[in-house]
Protein chains: 2
Amino acid sequence: MLAARPATVAWLCGYVIELDGGPGPFALSPLLLLRPDERPLAVVSEDEAPAFAALGCDVAAYPGFTLAPLDPVAGARSALARTLGGARVATETGWLPAALADGHRLVDVAGELVAARAVKDPDELEALRAAIAVCDAGQRAARVHARPGISELELWASVRAAVDEAAGCRTALVADLVSGSRTADVGGAPGARVLEEGDLVLCDLVPRVRGYWGDSCATFAVGEPDDAARAQHAAASEALARGIAALGPGVRACELDALVRDGLDYPHHTGHGLGADWHELPRIVPDGDAVLQPGMVVALEPGVYADGRGVRCEQVAVVTDDGCEVLSGHELAL
Amino acid sequence: MLAARPATVAWLCGYVIELDGGPGPFALSPLLLLRPDERPLAVVSEDEAPAFAALGCDVAAYPGFTLAPLDPVAGARSALARTLGGARVATETGWLPAALADGHRLVDVAGELVAARAVKDPDELEALRAAIAVCDAGQRAARVHARPGISELELWASVRAAVDEAAGCRTALVADLVSGSRTADVGGAPGARVLEEGDLVLCDLVPRVRGYWGDSCATFAVGEPDDAARAQHAAASEALARGIAALGPGVRACELDALVRDGLDYPHHTGHGLGADWHELPRIVPDGDAVLQPGMVVALEPGVYADGRGVRCEQVAVVTDDGCEVLSGHELAL
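Residues numbered from 1 in each chain as written. Chains lettered and ligands numbered in written order. Predicted model: local features only at pLDDT ≥ 70, side-chain atom pairs only at ≥ 80, totals over all residues.

### Some words on the overall build of chain A
Next, step 1: Along its length, chain A carries nine helices and 17 strands.
Next, step 2: Its C-alpha radius of gyration of 22 Å places chain A within 12% of the 20 Å reference for a compact globule of 334 residues.
Next, step 3: The C-alpha extent of chain A, read off along each of the three principal axes, is 70 × 45 × 30 Å.
Next, step 4: Across chain A, contacts joining residues at least 24 apart in sequence account for 62% of those joining residues at least 6 apart. (Helix = DSSP H or I, 4+ residues; strand = E, 2+ residues; numbered from the N terminus. Rg over C-alpha atoms; globule rule 2.2 N^0.38 Å. Contact = placed C-beta atoms within 7 Å.)

What follows is the structure, encoded as structure tokens:
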């Protein structure tokens, strides 16, 4: 099996690609070939070869950061051709570049791989706990630093600094950070809007730590919220609490979705799995047919968006043999 | 022509992909089909469709962020098949997923597209100027906030905040930020190391603004540098000045490389183009055969790494009809 999706490679061998600069000029995304009775073989640039070797992989490398003309596509194609030698191979055709596929007999198994990642191993749970602890630190910083007169972008700087400090390194970080009437938009990037007394702040933090993504959302007031905001927050909180109380093995995703969504009208999923991707199986959606199993990790995030404001509350929990364990430690109060 | 590389899509129509979370679960990377005498056609998720329409593109959309089961690969494949209808198409096969290539007659033109991007249009130069102004702000913050007793990661938080503030939004940002003996490693991510009196700080900032990447590097001392550091800095500065003085139309990349590298021994390119990718043509390398032309934008970045420390100085300039114009405005002094 030839893994081509970054999350699959991270899941299989622990190698985590950098995201800061997007697809770079020196290498294609790493490929990892699983072979019966042999070590995994990484088809990667020479720059990445030492890291894959340290993770226990064999390596077929092509030139990376070099003074010679750049052609990582030709390099990867040639390294892969040497490796596969015409064999039939299962792979992820949505992530394998067409230039590398030419001449090989490919069978797509992307769906099977995504399904296999849904139940977490103990080492994955440790990584997820670490990522969620980083979420907690970021959420704490959001509450500490939010005050009338600073912009969303200034608040964001404090939150991001706290996330990186808690992780001990620069982290990849997906996030919504919006305030006031912008909370009605469900999410968005922090901007120039200046926080005012009585505003709601909706903060959804999704940092990656050691290759695994945490997730968390809280909505809180700057100063005193009004009664309508309190009512919305109570409705979202209660929906989340219902979901956590019901989360356990044997529950169907559609049932959990209906239970949490009851009486609310949010335009998104109720929840999703979390791991080497920030949104994966099981998806907690109206037609979700997944049956929850111990070891699945689920983020639940009901929201109430109405009357020019929005509230969302989110916690992550791992399904246990007889219910679930909440991993999130951040404050949810308004 | 079917553009598949994010930088090509940005270059052609101005659409900029988010990088924070890497490849997401809801969509593949956007594809953009150029057709004779018609508007460009974007093959993208429904989430991205409004943005492409606003940029003047027709759109063939597939479901994106949805409550239904996720299968952006099947969605994109089907949308593309409707669009291409078996025609022969020039494309970038290193970026087009194999799942989408199946059944189409593809001709790779990635090399031609990279070459076409080397000379910048006026609107691209404006975007590059904006990105480089953001570099300047980040470099200023690095000098203001660097002091004995704070960690690289704390300094990084201030630099990143200044970059986002100058850009007016959260920016994608590639960077080296290392101090003391870590500067000998050429680059690296900020870490726990605490700055000390006399340290060098090497700060290379590469932010993306409106789809175009700035670039900048400075090396400066915390407090008083020693004589050896001064000598290394002088050598790197003089090499950069030689390069800027020589940069102009008709100059060959290999000649420029030799002129700047003379007497130095840095293990990397002398420079590179800059645009919708953070490292593109022309590459200023020992065997570089590109001939510089007006409108090319070049970052020059000679370095001196020796005796347990490293210095690198970098400026970006645009080639003009009779020389070059330096776009960088950041301080280079030690």
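### Let's talk about the relation of the copies chain A and chain B
Next, step 1: Under the fitted operation, chain A is carried onto chain B by 0.0 Å of movement along the axis and a turn of 180°, and the coordinates agree to an RMSD of 0.0 Å. Taken together, the rotation and translation relating the two chain copies correspond to the operation of a two-fold axis.
Next, step 2: The share of interface residues of chain A whose copies in chain B are also at the interface is 100%, consistent with both copies meeting through the same surface. (Least-squares fit on C-alpha atoms with pLDDT ≥ 70 in both.)

### Notes on the sheet that holds strand S17 (residues 324-326) of chain A
All names here are of chain A.
Next, step 1: Taking strand neighbours across the sheet as the criterion, the five strands line up as S12-S11-S13-S16-S17 in an open arrangement whose pairing is antiparallel. Edge positions in the sheet fall to strand S12 (280-284) and S17, since each of these pairs with one other strand and no more. Taking the axes of each pair of neighbouring strands and ignoring which way they run, one obtains an average angle of 25° across the sheet.
Next, step 2: The pairing of strand S11 (residues 271-273) with S12 spans two bridges and is antiparallel. (Pairing = 2+ DSSP bridges. Axes fitted to C-alpha atoms, helices over the stretch in contact; angles between N-to-C directions.)

### Comments concerning the packing of helix H8 (residues 227-246) of chain A against helix H9 (residues 253-261) of chain A
Residue and element names in this part refer to chain A.
Next, step 1: Following both chains from N to C, one finds H8 and H9 inclined at 150°, their axes separated by 8 Å at the closest point. Classified by the angle between their axes, H8 and H9 sit roughly antiparallel to one another. Classified by chirality, the crossing of H9 by H8 is right-handed. Residues Ala239, Arg242, Gly243 and Ala246 of H8 pack against Leu256, Leu259 and Val260 of H9.
Next, step 2: Per-class residue counts for the contact of H8 with H9 are five nonpolar, one polar and one charged. (Parallel < 35°, antiparallel > 145°, perpendicular 65-115°, else oblique. Left-handed = near helix turned anticlockwise from the far one by under 90°. Nonpolar A, V, L, I, M, F, W, Y, C, P; charged D, E, K, R; others polar.)

### Quick look at the interface of chain A and chain B
Next, step 1: Every contact between the two is made by 47 residues of chain A and, on the other side, 47 residues of chain B.
Next, step 2: At the level of elements, helix H4 (98-101), strand S6 (105-108), helix H7 (152-167) and strand S7 (173-179) of chain A are the ones that each hand at least two residues to the side of chain A that touches chain B.
Next, step 3: At seven residues, the largest contribution of residues to the side of chain A that touches chain B is made by H7 of chain A.
Next, step 4: When its residues are assigned to classes, the side of chain A that touches chain B shows 30 nonpolar, eight polar and nine charged.

### Some details on the sheet that holds strand S11 (residues 271-273) of chain B
Residue and element names in this part refer to chain B.
Next, step 1: Here we have five strands laid out as an open sheet, ordered S12-S11-S13-S16-S17, and antiparallel in their pairing. On the outer flanks of this sheet lie strand S12 (280-284) and strand S17 (324-326), each paired with one strand and no other. The sheet shows a mean angle of 25° between the axes of neighbouring strands, direction not considered.
Next, step 2: In the sheet, S11 pairs with strand S13 (residues 297-300) via three bridges, with the strands oriented antiparallel. For glycine 271, the partnering residue across the bridge sits in S13 and is leucine 300.
Next, step 3: Helix H9 (residues 253-261) rests against S12 and S13 of the sheet, and its axis sits at about 50° to S12.

### Re the pairing of strand S7 (residues 172-179) of chain B
Residue and element names in this part refer to chain B.
Next, step 1: In terms of burial, S7 is a largely internal element, seven of the eight residues being buried.
Next, step 2: Here S7 pairs with strand S8 (residues 200-209) via eight bridges, running antiparallel. Following the sheet pairing, alanine 172 is matched in S8 by arginine 208. (Buried ≥ 20, exposed ≤ 12 C-beta atoms within 10 Å, placed from the backbone.)

### Quick word on the domain arrangement of chain A
Residue and element names in this part refer to chain A.
Next, step 1: Here chain A is partitioned into domain 1 (2-116) and domain 2 (122-326).
Next, step 2: Each of domain 1 and domain 2 has a C-alpha centre, and these two points are 33 Å apart.
Next, step 3: Going through the elements one at a time, helix H1 (6-13) and helix H5 (110-116) are the ones with two or more residues in the side of domain 1 that touches domain 2.
Next, step 4: The dominant element in the side of domain 1 that touches domain 2, judged by the number of residues it contributes, is H1, at three residues.
Next, step 5: Of the residues belonging to the side of domain 1 that touches domain 2, the class tally is seven nonpolar, one polar and no charged. (Domains from an automatic or database assignment.)

### Quick look at the environment of glutamate 18 of chain B
Next, step 1: Here glutamate 18 of chain B lies in the loop between helix H1 (6-13) and strand S2 (31-33).
Next, step 2: As a C-alpha pair, glutamate 18 of chain B and leucine 2 of chain B span 16 residues in sequence and 20 Å in three-dimensional space.

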